[in-house]
Amino acid sequence: ALVMLYRTTIKPEAVEQLNELELDLADYAEHGIEVLGHWKKAENPSESVYMVRYESETDYQQKTLVLHEDENYIRLTSLLNSLRTDFKPEKLVEA
């Protein structure tokens, strides 16, 4: 399996907007993408981490291509990018 770990930091004044966007993470399920979890740092709610699981690198590539063509995903990503101050994706594989 392949797990993508995404670390996001947003503008402190945008925390409430991020809370609203989190509800739309359910859209991932429509594309067969398994969100393992989404967490905020207790000491800094403008920093969050979420993890998404894929069967393989190929599965990741295929589902990401489809997702990037979805109009709702494009809209949400655009909004999220306007709130972000930092974004770091990391690939994790089973040991």
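The present account deals with the structure reproduced in this document. Here the structure is a predicted model, which is why all the values come from computation and not from measurement.

**Focus on the environment of F87**
Phase 1 of the analysis: With respect to the helices and strands, the residue F87 is situated in strand β4 (residues 84-93).
Phase 2 of the analysis: Taking the C-alpha atoms as reference, F87 lies 15 Å from P12; in sequence the two are 75 residues apart.
Phase 3 of the analysis: If sequence neighbours within four positions are ignored, F87 has contacts with Y6, R7 and T8.

**Notes on the environment of L2**
Phase 1 of the analysis: As for its placement among the helices and strands, L2 is situated in strand β1 (residues 2-10).
Phase 2 of the analysis: Along the backbone, L2 and M51 are 49 residues apart, and their C-alpha atoms lie at a distance of 10 Å.

**Here we look at helix α3 (residues 57-67)**
Phase 1 of the analysis: Of the residues making up α3, those classed as buried are D59, Y60, T64 and L67. Considered in projection along α3, the buried side chains sweep an arc of 120 degrees and stay on one side of the axis.
Phase 2 of the analysis: On the buried face of α3, the contacting elements are β1, α2 (27-30), β3 (44-54), α4 (71-83) and β4.

**As for the packing of aromatic side chains**
Phase 1 of the analysis: The tally for this structure, following the rule as stated, stands at three aromatic pairs.
Phase 2 of the analysis: Residues Y6 and F87 carry aromatic rings whose centres are separated by 5.8 Å and whose planes lie at 10 degrees to one another, so their mutual orientation is stacked. With Y6 in strand β1 and F87 in strand β4, the pair connects residues that are 81 residues apart, well separated along the chain.
Phase 3 of the analysis: In this structure Y6 comes out as buried when scored by relative accessible area, which is 11%.
Phase 4 of the analysis: Classification of F87 as partly exposed rests on a relative accessible area of 32%.
Phase 5 of the analysis: Ring centres of Y54 and Y60 lie 5.1 Å apart, and the angle between their planes is 75 degrees; this geometry places the pair in the edge-to-face category. Assigned by exposure class, Y54 and Y60 land together as buried.
Phase 6 of the analysis: Feature note: the residues Y6, Y50 and F87 constitute an aromatic cluster, connected by ring pairs.
Phase 7 of the analysis: Looking at R84, its charged tip hangs above the ring of F87, at a distance of 3.9 Å from the centre.

Rules of the game
- Residues numbered from 1 in each chain as written.
- Predicted model: local features only at pLDDT ≥ 70, side-chain atom pairs only at ≥ 80, totals over all residues.
- Heavy atoms only, no water.
- Helix = DSSP H or I, 4+ residues; strand = E, 2+ residues; numbered from the N terminus.
- Contact = heavy atoms within 4.5 Å.
- Buried < 20%, exposed > 50% of the residue type's maximum accessible area, 1.4 Å probe, protein only.
- Arc of directions from axis to C-beta.
- Phe/Tyr/Trp six-rings, centres within 6.5 Å; stacked < 30°, edge-to-face > 60°.
- Lys NZ or Arg CZ within 6 Å of the ring centre and 35° of its normal.

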